[in-house]
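# Geometric and topological summary
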Amino acid sequence: MLKIPISCSHASYDVLVGGGLLTHSGDLVAKILAPSRCAVVTDSNVARHYLQPVLASLKNVGFKPITLVVPSGERSKSFRQVYNLCHSMVVAGLDRKSVLFSLGGGVIGDLSGFAAAIFQRGIPLVQLPTTVTAQVDSSVGGKTGVNVAAGKNLIGAFHQPQLVIADPLTLNTLPNREYWEGFAEIVKHAIIQDMAMLKTLSPERPKDLSALIARNITVKSALIASDEGDKSGLRALLNFGHTIGHGIETAAGYGSLFHGEAISLGIIAALWLSKRFSGLLQSDLEYIARILQRLSLPIVLPDRILTDSVLTTMRKDKKFEQGKPRFVLTHRLGSAYLSDEVDLQDARSAIEFLRKLQPN
Ligand SMILES: NC(=O)c1ccc[n+]([C@@H]2O[C@H](COP(=O)([O-])OP(=O)(O)OC[C@H]3O[C@@H](n4cnc5c(N)ncnc54)[C@H](O)[C@@H]3O)[C@@H](O)[C@H]2O)c1
Ligand SMILES: [Zn+2]
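Residues numbered from 1 in each chain as written. Chains lettered and ligands numbered in written order. Predicted model: local features only at pLDDT ≥ 70, side-chain atom pairs only at ≥ 80, totals over all residues. Heavy atoms only, no water.

## Some details on the sheet that holds strand 6 (residues 125-129)
Basically, it comes down to this: Pairing between strands is defined by DSSP: at least two bridges between the two strands are required. The numbering of helices and of strands both runs from the N terminus, where a helix is a DSSP run of H or I of at least 4 residues and a strand a run of E of at least 2. Note on geometry: axes are lines fitted to C-alpha atoms, helical ones only across the stretch in contact, with angles between N-to-C directions running from 0 to 180 degrees. Contacts were defined at the residue level, with two residues in contact if any of their heavy atoms lie within 4.5 Å.
Ordered by their spatial adjacency, 7 strands build an open sheet running 1-2-9-6-5-3-4, and the pairing between neighbours is mixed. Sheet topology places strand 1 (2-8) and strand 4 (64-70) at the edges, where each strand pairs with a single neighbour. Strand after strand, the sheet turns through a mean of 15° between neighbouring axes, direction not considered. Summarising the sheet, strand 6 and strand 9 (residues 163-166) pair through 2 bridges and their orientation is parallel. For Q127, the partnering residue across the bridge sits in strand 9 and is V164. Where helix 4 (residues 106-118) meets the sheet, it contacts strand 3 (37-43), strand 4, strand 5 (99-104) and strand 6, and its direction lies at approximately 165° from that of strand 5. Sitting on the sheet, helix 8 (residues 210-225) is in contact with strand 1 and strand 2 (11-17), with an inclination near 10° to strand 1.

## Here we look at the coordination of the zinc ion (ligand 2)
Rules: Coordination here is defined by N, O and S atoms within 2.8 Å of the metal (3.2 Å for Na, K and Ca), and since water is not considered, a site can look incomplete. Summary of the burial criterion: residues with accessible area below 20% of their type's maximum are buried, those above 50% are exposed, and those between are partly exposed, where the area comes from a 1.4 Å probe applied to protein chains only.
At the metal site, the zinc ion (ligand 2) is ligated by E185 (OE), H242 (NE2) and H259 (NE2), and these contacts range over 2.0 to 2.1 Å. Each donor residue of the zinc ion (ligand 2) belongs to the same chain, and together they define the spacing E-x56-H-x16-H. Taken together, the positions of E185 in helix 7 (residues 183-193) and H259 in helix 10 (residues 259-278) put the pair 74 residues apart, joining distant regions of the chain. Take E185 and H259: they sit in the same class, and that class is buried.

## A few points about the state of the cysteines
Spelled out, the test is: Note on disulfides: each one is a pair of cysteine sulfur atoms within 2.5 Å.
Evaluated as defined, the whole model comprises 0 disulfides. C86 forms no disulfide, and the closest cysteine sulfur to it belongs to C38, at a distance of 16 Å.

## Things to note about the pattern of salt bridges
The following threshold applies: Whenever Lys or Arg places a side-chain nitrogen within 4 Å of a carboxyl oxygen from Asp or Glu, that contact is recorded as a salt bridge.
Taken as a whole and judged by the stated rule, the model has 13 salt bridges. E185 is paired through a salt bridge with K188; the nearest N and O atoms lie 3.0 Å apart. Linking E185 with K188, this pair stays in helix 7, spanning 3 residues, or about one helical turn. Residues E185 and K188 agree in their burial class; the two are buried. Residue D308 is joined to R348 by a salt bridge in which the shortest nitrogen-to-oxygen separation is 2.8 Å. Pair noted here: D308 is in helix 12 (residues 307-315) and R348 is in helix 13 (residues 344-353), with a separation of 40 residues, a long-range link.

## Describing the site of ligand 1
Test applied: When we say a residue is near a molecule or strand, we mean one of its heavy atoms is within 4 Å of it. As used in this structure description, the phrase polar contact means that two N or O atoms lie within 3.5 Å; if the pair is within protein, one of them must be able to donate a hydrogen and the other to accept it, and residues adjacent in sequence are counted only when both atoms belong to side chains. In short, Shrake-Rupley with a 1.4 Å probe defines the accessible areas, and a residue's cover is counted only from the protein chains shown. All residues other than Ala, Val, Leu, Ile, Met, Phe, Trp, Tyr, Cys, Pro, Asp, Glu, Lys and Arg, Gly among them, are scored as polar; the first ten of these are nonpolar and the last four charged. What fixes the domain bounds is an automatic or database domain assignment.
The environment of ligand 1 is formed by 27 residues, the closest being D43, E74, T131, T173 and E181. At a separation of 2.7 Å, a nitrogen atom of ligand 1 approaches a polar side-chain atom of T173. Starting from 870 Å² of accessible surface for ligand 1 in isolation, the protein chains cover 92%. Where the shell around ligand 1 is concerned, the elements lending two or more residues are helix 2 (44-60), helix 4, helix 5 (132-138), strand 8 (151-158) and helix 6 (176-181). Each residue belonging to the shell around ligand 1 can be placed in one class, and the counts come to 4 nonpolar, 12 polar and 11 charged. Each of two domains, domain 1 (2-173) and domain 2 (181-353), supplies a minimum of three residues to the shell around ligand 1.

## Details of the side chain of H259
Under the relative-accessibility criterion, H259 is labelled buried at 17%. Polar contacts involving the side chain of H259 include one to the side chain of E185, which spans 2.9 Å. Excluding anything up to four places from it in sequence, H259 contacts K152, E181, E185, H242, H246 and E249.

## Focus on the pairing of strand 4
The side chains of a regular strand alternate between both faces of the sheet. For clarity, the cut-off: Viewed with both strands pointing away, a crossover whose connecting path from the first strand over the helix to the second turns clockwise is right-handed.
Direction of pairing for strand 3 relative to strand 4: parallel, over a ladder of 7 bridges. Residue pairing in the sheet places A39 in a bridge with I66 of strand 4. With respect to chirality, the unit in which strand 3 leads through helix 2 into the neighbouring parallel strand 4 is right-handed.

## Here we look at the domain arrangement of the protein
Quick note on the threshold: Two parts placed together each lose some accessible area; with a 1.4 Å probe, that loss summed over both constitutes the buried area.
When cut into domains, the protein gives domain 1 (2-173) and domain 2 (181-353). Relative to domain 2, the C-alpha centre of domain 1 lies at a distance of 26 Å. Across the contact, 35 residues belong to domain 1 and 35 residues belong to domain 2. Taking both partners together, domain 1 and domain 2 bury about 2900 Å²; carbon and sulfur atoms supply 61% of that area.

## Concerning the packing of aromatic side chains
For the record, the criterion: Stacked, tilted and edge-to-face are the three classes assigned to paired rings of Phe, Tyr and Trp, where Trp is represented by its six-membered ring and a pair needs centres within 6.5 Å; plane angles under 30 degrees give stacked, over 60 edge-to-face, the rest tilted. Any Lys NZ or Arg CZ found within 6 Å of a ring centre and within 35 degrees of that ring's normal is scored as a charge over the ring.
Counted under the stated rule, the structure contains 5 aromatic pairs. Centre to centre, the rings of W180 and F183 are 4.8 Å apart; their planes meet at 50°, and the pair counts as tilted. Taking the relative accessible area as the measure of exposure, F183 reaches 1% and is therefore buried. Here the aromatic residues Y179, W180 and F183 are joined through ring pairs into a cluster of three or more. A cation over an aromatic ring shows up here: R177 above the ring of F258, its NZ or CZ 3.9 Å from the ring centre. For the cation-ring pair, R205 lies above Y179, with the distance from its terminal atom to the ring centre recorded as 4.0 Å.

In structure tokens form, the structure reads like this:
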């Protein structure tokens, strides 16, 4: 088992990574939280595979769980589902000492993490991530929230988990598309801080992702440790590829392009802007494009997604400050910085570039 300690100004907790850990989640949680009534929130796909072992493990150490299953998919990251979760927890008699377990991908983590943040003004949260995206990224850092029609993650709260248990064996049941989308965040972490990581990736599904997951959590934790509330700009580097990426995801319609797929396109757009503004080499852009493609991620924007729709949704993004976009750019792969020199016309050109790149 690998243990990565996370510490930020208001919280410290461990991320535990290891094959088979999910079936021991009760024991691991009981070391830090007294057994209590609790809610296990999951989605319909994940419930089929992993709900029973988690419930058994929790009951074994004295937790008294209720189960809340939401439909799978990005559309569940909604106010309605937050309301449903909170309502069910009230009806079931959960209180301030109850614990919420998020069992699933980034959708379940963000949605139920937000419910944990506001239920009785905040109850303990344990993340049990089951997708690549959730294990390398979304389960750590405390960002929770939901989407509204105007844009992604516009409503939310910071709520750090008490513990994260990432069991890479759960990734074996992910369909290919859902598996590879998670690698967009890995490529993002590489570009902003750890290029050597890209050498460890292969186009085949590896047997054991534990080391890669731990390495990604380490990159993320270093950035959030100093900047928990998103104030200094360091944490914002994690938004590399996300300004245009979120615009594409929303413009495509939630669920049409997966989050990671939209971010793959957003990464190419950010590299193109980096070439224009920061002297990034064309060969670096092409290198990353080849890697994304080898990982089954898209690098060409489908015609049905209109540039104007992407720009319109982008303008409502949190990364716009007083009408100006904040972009993360890179002078040199392996490092990144926050820029305010990109305007909407440049963003338009970057989106148009995504229609021209030739896959090979
Ligand atoms: N909070 C953050 O810091 C942060 C960071 C990155 C991404 N996100 C958010 O995460 C979301 C995307 O998360 P995601 O990519 O994990 O998608 P997801 O949660 O929708 O999961 C993808 C699909 O895989 C299924 N699934 C999950 N685990 C499975 C398993 N082990 N076996 C079989 N099927 C399984 C789910 O039911 C779903 O259909 C987006 O909403 C994004 O905004 C948040
Ligand atoms: Zn993301």
